[in-house]
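Structure at a glance
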Amino acid sequence: MAKSVASDVASPRAAPARDFDGLYKALLDAHPREALQVLCGARLDDRAVILDGPTELPRQRSSQRDKTYVVQYGEGIPTDIYHVEVQVQRTEDFEERMVDYWAGLALKYRRSTHRIHQVVLWPLGGGYPGRFERDQARLNYRSVNIPGDVDPGLLLASPLAPLALWSQQPPDDVVEQVVDRIAATAALEEKLVLIELGMLVGGSLAVAVLEALRRKGMNDVLEQTESGREIARRNLEHGLEKGREQGREQGVEQGHVDGMRALLRARYGDIADLDDLAQRLAGRDHEGNIARIVAGATLAELRS
């Protein structure tokens, strides 16, 4: 597995748990068929028509299911209802809520013409086994631990590729395959979701994803993500501090050049004319050029 870490790039911090919920739902919205097949075990043929189903619970507007899909196959064939929950960690009342979610669907959809399937996706693993019993009640649902239960090859061959970064047994080139999938994605909004998911893995893998995105020339896209902006901010702070230290240790002029180089690398990666550009910017309005970089100037603007 790729684990290279650039010395001048600050490691991204793990995102809060709520980000998994929103990003997973965005991914499901963009690719419901692939999500149902790869993650939920659905067997869909060409006749299947996938529609969004209800998420609000009757008389409980503050409580919602994460996603519901209605899969229609044609006249005379029972309709499948897929209820999908994204859950980062176990909570005391989670399985009782699953019973409540099921009951709401059972009241809405008739038994004779609909089949209800419940699936819980655990992005970090460690989920419940998928069988709940209390008193005389019993509920079975599909519990999917993403790191151990899903074949990373299936994920990488689909638009769900970033989820393979959590796999317990990923291929050695998992980062490259994920970034290739991101680069090949046409829709900008979807590309941003995939990048944010890649950053959620944290640690050296997130840094490796970041470096691979830069090698693909995707700095402009990266800068539009929340993770990319946070990384850029911390790297700029790191570059500024590194420049100050070098200025104290070396002559002022050389320190300005080395500091500018560190700042440019933190902001734009290892660009081809890094040394020449650092020399020019440090020699012409050093403080002003630092302010331009921090404010988000493009390379074209800096080079002009």
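Look a little higher up for the structure.
Report on the accompanying structure. (Residues numbered from 1 in each chain as written. Predicted model: local features only at pLDDT ≥ 70, side-chain atom pairs only at ≥ 80, totals over all residues. Heavy atoms only, no water.)

Before going further, it helps to spend a moment on the environment of Trp122. Secondary-structure assignment places Trp122 in strand β6 (residues 114–122). For the pair Trp122 and Ile146, spaced 24 residues apart in sequence, the C-alpha separation works out to 5.9 Å. If we skip the residues at most four places from it in the chain, Trp122 touches Gln87, Val88, Gln89, Arg90, Phe94, Gly127, Tyr128, Ser143, Val144, Asn145, Ile146 and Pro147. Within the structure, Trp122 has its side chain in polar contact with the side chain of Ser143 (distance 2.9 Å). (Helix = DSSP H or I, 4+ residues; strand = E, 2+ residues; numbered from the N terminus. Contact = heavy atoms within 4.5 Å. Polar contact = N/O pair within 3.5 Å; in protein donor to acceptor, adjacent residues only side chain to side chain.)

Turning next to the packing of aromatic side chains. Inspection of every chain in the model, using the stated rule, returns five aromatic pairs. Ring geometry for Phe94 against Tyr128: centres 6.2 Å apart, planes inclined by 5 degrees, an arrangement best described as stacked. With a gap of 34 residues between them, Phe94 in helix α3 (residues 94–108) and Tyr128 in the loop between β6 and β7 (131–134) connect regions that are remote in the sequence. Accessibility classification places Phe94 together with Tyr128 in one group, the buried group. Aromatic side chains Trp122 and Tyr128 sit 6.0 Å apart centroid to centroid with 75 degrees between the ring planes, which places their arrangement in the edge-to-face category. The same class applies to Trp122 and to Tyr128, which are both buried. Members of the aromatic cluster, each reached through a chain of ring pairs, are Phe20, Tyr24 and Trp166. When the ring centre of Tyr109 is taken as origin, the NZ or CZ atom of Lys108, which lies over that ring, is 5.8 Å away. (Phe/Tyr/Trp six-rings, centres within 6.5 Å; stacked < 30°, edge-to-face > 60°. Buried < 20%, exposed > 50% of the residue type's maximum accessible area, 1.4 Å probe, protein only. Lys NZ or Arg CZ within 6 Å of the ring centre and 35° of its normal.)

Closest axis-to-axis distance for the helix α7 (residues 188–200)/helix α8 (residues 203–215) pair is 7 Å, and the angle between their directions is 145 degrees. In this structure, α7 uses Ile195, Gly198 and Met199 to contact α8, whose residues at the interface are Ala206, Val209, Leu210 and Leu213. (Axes fitted to C-alpha atoms, helices over the stretch in contact; angles between N-to-C directions.)

Attention shifts here to the environment of Arg215. Tracing the chain through its elements places Arg215 in helix α8. Residue classification places Arg215 among the exposed positions, given a relative accessible area of 59%. With 54 residues separating them in the primary sequence, Arg215 and Gly269 have C-alpha atoms 8.4 Å apart.

Right, let's talk about the pattern of salt bridges for a bit. Opposite charge on two side chains makes pairing possible when the charged atoms of those side chains draw close. Under the defined criterion, the tally for this structure stands at 14 salt bridges. Its salt-bridge partner being Arg115, residue Asp80 comes within 2.8 Å of it at the nearest N-O pair. Note that Asp80 is positioned in strand β5 (residues 79–86) and Arg115 in strand β6, a separation of 35 residues in sequence. Residue Asp135 pairs with Arg134 through a salt bridge whose shortest N-O separation is 3.8 Å. Looking at Arg134, the relative accessible area reads 48%, which means it is partly exposed. (Salt bridge = Lys/Arg side-chain N within 4 Å of Asp/Glu carboxyl O.)

Reading across from one edge, β1-β4-β5-β6-β9 is the order of the five strands in this open sheet, with mixed pairing throughout. Of all the strands in the sheet, the pair left with one neighbour each is β1 (49–52) and β9 (142–145). Direction aside, neighbouring strands of the sheet carry axes that sit 25 degrees apart on average. Here strand β4 (residues 67–72) runs beside β5; their pairing, made up of five bridges, is antiparallel. If you follow Val70 over to β5, its bridge partner there is Ile81. Taken strand by strand, α3 contacts β4, β5 and β6, and its axis lies near 155 degrees from that of β6. (Pairing = 2+ DSSP bridges.)

A positive phi angle, near 50 degrees, is found at Asp135, a position not held by glycine. Examined against the element boundaries, Asp135 turns out to sit in the loop between β7 and β8 (137–140). Residue classification places Asp135 among the exposed positions, given a relative accessible area of 72%.

Turning our eyes to something else, we now look at the side chain of Asp66. Inspection of the secondary structure assignment puts Asp66 in the loop between β3 (60–64) and β4. Owing to a relative accessible area of 12%, Asp66 belongs among the buried residues under this scheme. Side-chain polar atoms of Asp66 contact the backbone nitrogen of Val86, separated by 2.8 Å.

Time to look at the packing of helix α6 (residues 174–184) against α8. Put simply, α6 and α8 touch, their axes get as near as 9 Å, and they point 50 degrees apart. As judged from the angle between their axes, α6 and α8 are oblique. In this structure, α6 meets α8 at a crossing whose hand is right-handed. Residues Val175, Glu176, Val179 and Ile182 of α6 form the contact with α8, whose own contacting residues are Leu205, Ala208, Val209, Ala212, Leu213 and Arg215. Classifying every residue of the contact of α6 with α8 by side-chain character gives eight nonpolar, no polar and two charged. (Parallel < 35°, antiparallel > 145°, perpendicular 65-115°, else oblique. Left-handed = near helix turned anticlockwise from the far one by under 90°. Nonpolar A, V, L, I, M, F, W, Y, C, P; charged D, E, K, R; others polar.)

On to the environment of Leu155. Inspection of the secondary structure assignment puts Leu155 in helix α5 (residues 152–156). Note: C-alpha distance between Leu155 and Glu34 (121 residues apart in sequence) is 9.3 Å. Residues in contact with Leu155, not counting those within four places in the same chain, are Val38, Leu39, Val150, Leu160, Ala161, Leu163 and Ala164.

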